[in-house]
Structure formats: structure tokens, C-alpha cells
Amino acid sequence: MSRPIVVFHDAAFPGGVSPEAPIERLAAAGAVVAGADALGEALRTAGGGCFVNLHAPYFPKSAWPDILAFLQRGGGLVSIGGAPFKRPVRPEGESWHAETEQTAYHQQLYIHEMLRVDSAPIRSYAALETLPLLQGRESLFAHADTWNMVPHTTRNSDLPHQMGSAGTMSTRIYPLLKGIGKEGRELAAPVVLWENSRGEFAGSRWMFVNVPLSASFWSDGGADRLMDWAAFCAKGVTELWIKPNYASYEQGEHAILSLQTQFLGRGGGGSGSQRWTFELTVEHEGGAQHGWTHRLTADVNKEFNTARIPVPLDIQRGFHRVVCRAQSEDGELRLLRQGFWGHDPLLLSEGAPVSCGRDYFVRDGRPLPVVGMTYMASDVARKFLFLPNCDVWDRDMAQMAKAGINWIRTGIWTAYRNVMQVDGHASEEVLRAIDAFFLTAKKHNLQVTFTFFSFTPEAWEGVNPYLDPQSVEAQKRFIRSIVSRHRATTHVDWDLINEPSMFDPARIFSDGPRSSRDMFERQAFIEWLKQRHGRIELLQERWNMSPAQLPSFEAAEVPEADEINFDVQDMHRAKKGTRWLDYCLFSMEMHNRWAKELNDTIKEISPSQLVVVGQDEALGAQRPSPLFYEEAVDYTTVHSWWLNDHLVWDGIFAKTATKPCVVQETGIMYVETPDGRAKRSESELRSLLERKYAYAFATGGAGAIHWIWNTNFYMDNANESHIGALRADGTEKPEATYLTNSAGS
């Protein structure tokens, strides 16, 4: 059963293709060519298939409800010419009126914003190898500025109570055509494919050709190619995965691969069942043993299917690559890549650990200025330890190392119970994934800071994550499960927690500590007050309370912020404000007590490995400050984000007299104009990042770590979708160019 192809072409409409375009050839090939007035009806009556817009960024405003409904039914899309659905057009009298650029329409497709990408650095085009739809067709496309399409496709959270939680991986993005700069760097993606596997548009394929088509496109057979692409998108998504059962194996073990398949298309055209052929190879990268090949065929249909494939190789130390070449009976090609390690303790123990001087880190007797990058994997983002792909890590880390990055920061920002669901029983799958990650980093000579917790630590059925002994002991077991496997590893240091808030997990990032209202916190506060003030009379005097109001230390209550006279209007309510100082100092000391206890458990296993806490720019917000927690760590940190006019303050007041300080997270938050568009261009973002790196060193810091290498759009957080050295399509932003240039200078 054929799938209809609806082509929007109207010679009187803004935009569009050159007059030489053989539109009649599209009609002869079976496409329904519709003008602006007929487009809505054509899409309403189409039973699936693909919509081709030859006028991007323009589209008929009156047809938008039908365009959206068609895509929601699983219809495919090919958008050609520029930023898709940016400029609605309405009739005015006898002519068409193009409205100003807007975000409202494309945001309904979960395209949050589009930023112009300069084509000047591009020397050539290259087709994507793993999905070679445009292989051999690179010359069809003229060099022109294109667009960075910022996705906000994930609209939910796996763990809503955790701020750092990821969500549904609803869309896979492929740079079908890449703009290559000098030294082979991938700097733009003029043609991008979105495959929607979950959510509102599940099963649909959207192909965006974000450059105008030249006359030579049509004269070189472009009409036929356009119909091929429309037919490809009309088919819908076929989801294929190849995965090993572990990311790392002991010598002599055998791997088992899982091949997962499912046809997700729902845009019409029959059952979608097709016969696919899969050709697998497994090879040791160093050639230490003979490779293995295997071929199988499988029917891929609407049901989820999996095939377990034993690999009859006695695994040796080192990196093993898995390549799966998949081809459907109608000719669709995919190249799936995976990898795994044969555990290599000798590699992990090579060299000496990084140590701390007063101002800088030292490696091999020389200062090590930090040019770092946060990294969690370009394919599945924060789920990288649960869906490990060592081949992806290897390629990403090779790219980072080539760019001059010497330090990466990673870890667990969410889903701690997926690592250790039951207290004391960590997942072997996740532990082996961490082993493999460290091995991959060591292969590329990258120092790794591994973070255990974020914002507040996991409580494991305790009532206070910092003070309940049940929680702290579980946290120590969690940490020891990881650290004990790497007591001899020389390129790892440990971050206890990212941006800690005290104490209540439900009220992180408040202006000051917030109580969990539990017995452990209350008792600790009473004991701390006794040590600090000694006599109840002194506490009564300092808190401005009478003996009737505060008869004993045991009567002291943990204050809440709304009980403190922060506001001028609070003078009418006789609030007692001086006790807030005590509560803030108490929270700092309790954080230090917690950090020291976890630091001690790490140092008992591996005394030479560094331990740190990563804190945001909360120097005036009464959260744990580097000037207080210096005593509990080996170096200090600050995360410079929102406060772009406070960069000197950030650096100076995080650096102590005796220990190095790293600007451990830095980058540029997304900000909008009043009409909802991006305020900063990509070049402006690059310049602001340069400023932040310069201040990191100028204020006495040991370096800076950018957040983040690959854009993470698998969170319900549009801000995260904009942040990263690489775009969502995997190509490098000007920010990455700056990092490359600065690391090499």
C-alpha cells in the first residue's frame, strides 16, 4: 500500500524553490501538489504519508491546524529552504502577507528555538555514515548559512521528585549532512533527521533541509531524490538497538549481545513488517585476538522483539568494537555501533595521580591548567550508565582530547536507587559501566571527576539525608561500592555532591538552609548550640529571647525562613532574626561533618585520590560555601552560571589560601527577548564563554570545566536544551571552537 506524499508549492507564495524546479515531475511521480488554499484539505484527507514544504520558513497560517494534526497522526515531514515554521503567512487583499519570525508554531513541534549557523568556516559536506541516506548526494546542496534547531522534545520526568531527573528519550536526532571545517571538524548540519519514537508525534520521521535548494539541485536529479526522501519519511520510524549485557568483562568471560527491534511508524501504509538482515562483527581494537562475525535475519514489526546473540570469544584485556550493518528488504541501511571492554587494571593504574599544589594541580611534576568538560554521553545523556555504549564514549572522548580537553566531569545526577536499589547491594551492570567509562577516559589521557550525588544525597529510607545515620551509612556503602573497584586507578577524583543544599530535599536552591523537621536535625542543632554558646543565658541574650521564651537549650526550635525578619514589613510581627545566623553556621558545619565522614571512607580505600564538593555561585545565598567546606575537601570549586557580572567575585571568594580552586561548571544560560526568541547568537555565546574562562584563571583559579559537551535534550528543561559545546545534532558550536583554540594556546 503506497503512502501519499503531499507537496506544498505555490508560485505566488513567499519563499519556495527556483522557477526551474520541475514540479510537474513530482506530480508525475505520484505526489499531490497543493497550493496554499488547498493544502489544509490535502492534509486532512491524507491517510498518513509525508508532507513536503518547499517554502520554509514560510507556511500558510490557515493550514497550520491541519499541518499539526497530520504530524500528530504520525505523518512524515520534509521541510526545505530554511528554519521550519518560523513565518506564518496570511492573505491580505490580493496578496500574501508574511508575518514576523515567531516561535509559537514550531514550539508546538517541540522545536524550542532556531539559531543561525554561519557557513563561512565550512569547507565541504559529508553524509552521515551510520544512516547514509545522503551518501553520494552531497553535491546536491549549495553552501549556505543553516540553523541550529534546539529541541525540547522531552516533556516529562522519570523521577519528578529529583531535580536532576531525565525524562523520556522521545526523539533521536541525526545530522544527515554535515558541514566540515578545517582539520575535519563537524561545524554544521544543513540536513537533519528527527525520529520521534515516543510521545505526541511517535513513529514519525521529520527531515529538515535547512538551506535553500539551488537550480543545480533540480538539474542534477533532485526531484527524484526528493521523492525518495519523502518516501523514507512516510515509512515512519524503525527502532534498532544493539547492546552488550555488560560494558566491561573480566578476562575469559563471554559477551552476550542483544538486538532489539520494533517498527513504530503509524502513518499508514500497511503493517510495516519487513525482513531485515543484520551483519555483526566483534573485533579487539588492538588485534590481540581474532574477530568474530555473525549474520542473521529477522522480521521487524510493530511488536518489540529481542534476539540474544552469544559471542564465542574469550575476552581479553582492551577495547572491543561491535559493528552491526542492518539492511531492510526495501533497501534502508543503518550502521549500529557498540563496544565493550575487557577489564584492564594495568591501564587504570598507569602513571601517578593528580595532586594539589597551592594554586594548581600537578601531574607528572608539572602544573596542569584545567581545560575541562562535563560529559555524560552524546546518545542517551544522563542515562549513560544504564544504557552504556563504549563506542560512543570512545568517539566522544577522542574528539574532546583532540580539542585539547584534559579533564572531564561526570557522575550520577539522578536515579541513585537504580544504582543501588537495596542498601548495600549495588548493581553489577552499573558498576561495570563505570569501570568501562574510566577505562575509556584513561585511553584518552583524561582526568575524571566522578560525582556521587546532586543537590541533596539519597536518603535510603532515612529522614534526613545529611544527619540520619541510616542515610549516611547507606551513602558510604554506595560510595565504597564504586571506589573500592578503583583503589589503584590513577586518573580519578571524587565529587561527593553537586551543588548541595541543606537539609530538606524538597526545598533545594532556597536562600539559606531549610529544615527537614526531623529528630536528628533537632538534636544536632541543640548540641551545636550548647557547644557554641555554652550557657543558656548567652543564647537568650544573643537571640533576644526571655527565659520564658527560651527556658533551655532543649527548647530551642530550628527556625524557618518565614519566622525571620528578612523584610522591612516584618518589624510589625516581632520576629527573632538573630537565630538565623546560628542556623546557617550550623548547616555549614553539618555539611562539613557529612563531607568529612564520606571523605574519610574514600581515603581509607585510596589515600591518594582527591575529594571535592561542587558548589554553585551561592556565595551570598547561605548554602555551603567553599570558604567553609575547604577543611573537608582537597580543592574548592565554584559554578559560574547566571551572575555574569559577578565573575571576579565568584573566583576570588571561592579560592582559599592553601588549596586550588576550579570553576567546575561554567557556561551560558538561555535567556529570551520579551517576544520569546533567543537573546544571544551563537557567536555571542562563544564570546561570553571566553570571558568566563579568562576570569577563571585571572582570579587565581586552576582552570574551568564547561557544562556540557553534548546538549542534553532528554530533560523537561528547555534551558538544558540550549547549553552545550555541541548542538543537539552533534555538530560543534563556536563555543567548542573557542575551547579548541584556548587549549592549544
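Basis of the calculations
Residues numbered from 1 in each chain as written. Predicted model: local features only at pLDDT ≥ 70, side-chain atom pairs only at ≥ 80, totals over all residues. Heavy atoms only, no water. Core = buried A, V, L, I, M, F, W, Y, C linked by side-chain atoms within 4.5 Å. Buried < 20%, exposed > 50% of the residue type's maximum accessible area, 1.4 Å probe, protein only. Helix = DSSP H or I, 4+ residues; strand = E, 2+ residues; numbered from the N terminus. Contact = heavy atoms within 4.5 Å. Axes fitted to C-alpha atoms, helices over the stretch in contact; angles between N-to-C directions. Parallel < 35°, antiparallel > 145°, perpendicular 65-115°, else oblique. Nonpolar A, V, L, I, M, F, W, Y, C, P; charged D, E, K, R; others polar. Pairing = 2+ DSSP bridges. Left-handed = near helix turned anticlockwise from the far one by under 90°.

### Section: the nonpolar core
At step 1: Trp393, Ile408, Phe452 and Leu496 are the most contacted members of the largest nonpolar core, which totals 150 residues.
At step 2: When residues in this core are grouped by element, the largest group, 10 residues, is from helix α14 (residues 579-605).
At step 3: In this structure, Leu496 is in contact with Phe452, Phe453, Ile479, Trp594, Ala595, Leu598, Asn599, Ile602, Val611, Val612 and Val613, ignoring residues within four places of it in sequence.

### Describing the packing of helix α12 (residues 519-533) against helix α13 (residues 536-543)
The angle between the axes and the distance between the axes are what describe a pair of packed helices.
At step 1: It is the contact of α12 with α13, at a shortest axis distance of 9 Å, that shows an interaxial angle of 95°. One element, α12, and the other, α13, form an angle in the roughly perpendicular class. Along the contact surface, α12 presents Phe525, Leu529, Arg532 and His533, while α13 presents Leu538, Leu539, Arg542 and Trp543.
At step 2: For the contact of α12 with α13, the residue count by class is 5 nonpolar, 1 polar and 2 charged.

### A look at the environment of Gly701
At step 1: As for its placement among the helices and strands, Gly701 is situated in the loop between α17 (682-698) and β32 (703-706).
At step 2: Accessibility expressed as a relative area gives 5% for Gly701, which makes it buried.
At step 3: Setting aside its immediate chain neighbours within four residues, Gly701 contacts Asp359, Tyr360, Cys661 and Ala696.

### Looking at the sheet that holds strand β13 (residues 205-209)
At step 1: The strand order across the open sheet formed by 8 strands is β2-β1-β3-β5-β13-β12-β11-β9, and the pairing between neighbours is mixed. Edge positions in the sheet fall to β2 (32-34) and β9 (124-127), since each of these pairs with one other strand and no more. Looking at each pair of strands side by side, their axes are set apart by 20° on average, direction ignored.
At step 2: For strand β1 (residues 5-8) and β2, the ladder comprises 3 bridges, and the chain directions are parallel. Within β2, the position partnered with Val6 by the bridge is Val32.
At step 3: Against the sheet, helix α6 (residues 222-235) engages β1, β3 (50-53), β5 (76-80), β12 (186-196) and β13, with an angle of about 145° to β5.

### Re the packing of helix α8 (residues 390-402) against helix α10 (residues 428-443)
At step 1: Closest axis-to-axis distance for the α8/α10 pair is 9 Å, and the angle between their directions is 30°. By the angle class used here, α8 and α10 are roughly parallel. Where α8 crosses over α10, the two elements pack in a sense that is right-handed. Between α8, through Cys390, Trp393, Asp394 and Met397, and α10, the contact on the second element is made entirely by Ala433, Ala436, Phe437, Thr440, Ala441 and Lys443.

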